[in-house]
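The primary structure of each chain is shown beneath.
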Amino acid sequence: EAGVTQFPSHSVIEKGQTVTLRCDPISGHDNLYWYRRVMGKEIKFLLHFVKESKQDESGMPNNRFLAERTGGTYSTLKVQPAELEDSGVYFCASSHGTSGLFGPGTRLTVL
Amino acid sequence: AQSVSQHNHHVILSEAASLELGCNYSYGGTVNLFWYVQYPGQHLQLLLKYFSGDPLVKGIKGFEAEFIKSKFSFNLRKPSVQWSDTAEYFCAVNSHNRLAFGKGNQVVVIP
């Protein structure tokens, strides 16, 4: 069974640019989560989809972040415009129940 | 909101030594508890989890954790570590359908 995949694995952009991260969950998993780890800090929850609906987006840092989940399958997380403090590793996880399987993460560097 | 504390963020020990990593969480009613591990260059993987029942939980690779409700703790242990246990370890609590993570313990095992 394929695991959770994320693309790209690394992204280096300049401040003010736009970046879109993609997550493909495990097939059939209704729950999809985005988390972020800023260097030196803990992994923090960003948002939770159930199928195509945003169940909880209370962890999204500000309105420069937009997440979508088309048709309840893959999800994208767009950062526009990116700021220096957005640098970090963005993890996606999917699950049936309460514990998720994580993807490898996307390392975002904003210069 | 739940918070999770992990101490001794950097741990260096020799092979065959015993390992114990502390994890304390803030009170918030019924909780599900997890330990995740991230080996160098790999995904976050679930080591073990506690939902209910026996408070001593056995996980993969010889790890175990003990849930002590009165102390709000879920410490991770391994009696004899190997070089391959070099990794970062994260304690997490599930509350309101999201995971709250600690800052992680970077463990280095010297051959």
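Details of the structure are given in the entry above.
Residues numbered from 1 in each chain as written. Chains lettered and ligands numbered in written order. Predicted model: local features only at pLDDT ≥ 70, side-chain atom pairs only at ≥ 80, totals over all residues. Heavy atoms only, no water.

As for the state of the cysteines
Residue and element names in this part refer to chain A.
- If you walk through the whole model with that rule in mind, you get two disulfides over all chains.
- With a sulfur-sulfur separation of 1.8 Å, C23 is cross-linked through a disulfide to C92. Handedness here is read from the sign of the S-S torsion; for C23 and C92, about -60°, the answer is left-handed. Linking C23 in strand β3 (residues 19-24) with C92 in strand β9 (residues 88-95), this pair joins segments that are 69 residues apart in sequence. With respect to class, C23 is no different from C92; both count as buried. (Disulfide = S-S within 2.5 Å. Helix = DSSP H or I, 4+ residues; strand = E, 2+ residues; numbered from the N terminus. Buried < 20%, exposed > 50% of the residue type's maximum accessible area, 1.4 Å probe, protein only.)

A word on the pairing of strand β5 (residues 32-38) of chain B
All names here are of chain B.
- The buried count for β5 comes to seven of seven residues, which makes it a mostly enclosed element.
- Here β5 shows no split at all, with N32, F34, Y36 and Q38 on one side and L33, W35 and V37 on the other all buried.
- Here β5 runs beside strand β6 (residues 44-50); their pairing, made up of six bridges, is antiparallel. When the sheet's bridge partners are listed, V37 is paired in β6 with Q45. (Pairing = 2+ DSSP bridges.)

Observations concerning the environment of G22(B)
Residues and elements named next belong to chain B.
- Take G22: it is sitting in the loop between β3 (19-21) and β4 (23-25).
- Between the alpha carbons of G22 and Q6 there is a distance of 5.8 Å; along the sequence they are 16 residues apart.
- Excluding its chain neighbours within four sequence positions, the residues that come into contact with G22 are S5, Q6, H7, W35 and N75. (Contact = heavy atoms within 4.5 Å.)

A word on the interface of chain A and chain B
- The partner chain B presents 18 residues to the 17 residues of chain A that form the contact.
- Across the chain A to chain B interface the summed buried area is about 1,600 Å²; carbon plus sulfur atoms make up 52%.
- One can count two salt bridges joining chain A with chain B.
- One salt bridge in this structure joins R37(A) and E88(B), with 2.9 Å as the shortest N-O distance. (Buried area = accessible area lost by both parts, 1.4 Å probe. Salt bridge = Lys/Arg side-chain N within 4 Å of Asp/Glu carboxyl O.)

Considerations on the sheet that holds strand β7 (residues 65-69) of chain A
Residues and elements named next belong to chain A.
- If you walk across this open sheet you meet the four strands as β1-β3-β8-β7, and the pairing is antiparallel. Looking at which strands have only one partner, the edges of the open sheet turn out to be β1 (5-7) and β7. For this sheet, the mean angle separating the axes of adjacent strands, direction not counted, is 15°.
- Direction of pairing for β7 relative to strand β8 (residues 75-79): antiparallel, over a ladder of five bridges. Residue pairing in the sheet places E68 in a bridge with T76 of β8. (Axes fitted to C-alpha atoms, helices over the stretch in contact; angles between N-to-C directions.)

A look at the environment of Y25(B)
All names here are of chain B.
- Along the polypeptide, Y25 turns up in strand β4.
- A relative accessible area of 7% means that Y25 is categorised as buried.
- Setting aside residues no more than four positions away along its own chain, Y25 makes contact with Q2, S3, V4, V31, L33, F67, K69, F72, S73 and V93.

Side note on the pairing of strand β8 (residues 64-68) of chain B
All names here are of chain B.
- The sheet contact formed by strand β7 (residues 56-58) and β8 spans three bridges and is antiparallel. Directly across from L56, in β8, lies its bridge partner E66.
- The loop that links β7 with its antiparallel partner β8 comprises five residues; one of these, K61, has a positive phi angle of about 60°.
- Strand direction decides the pairing type here: β8 and strand β9 (residues 73-78), joined by five bridges, are antiparallel. Across the sheet, residue F67 finds its bridge partner in β9, namely F74.

Honestly, that's just the spatial picture; any functional story needs more than this.
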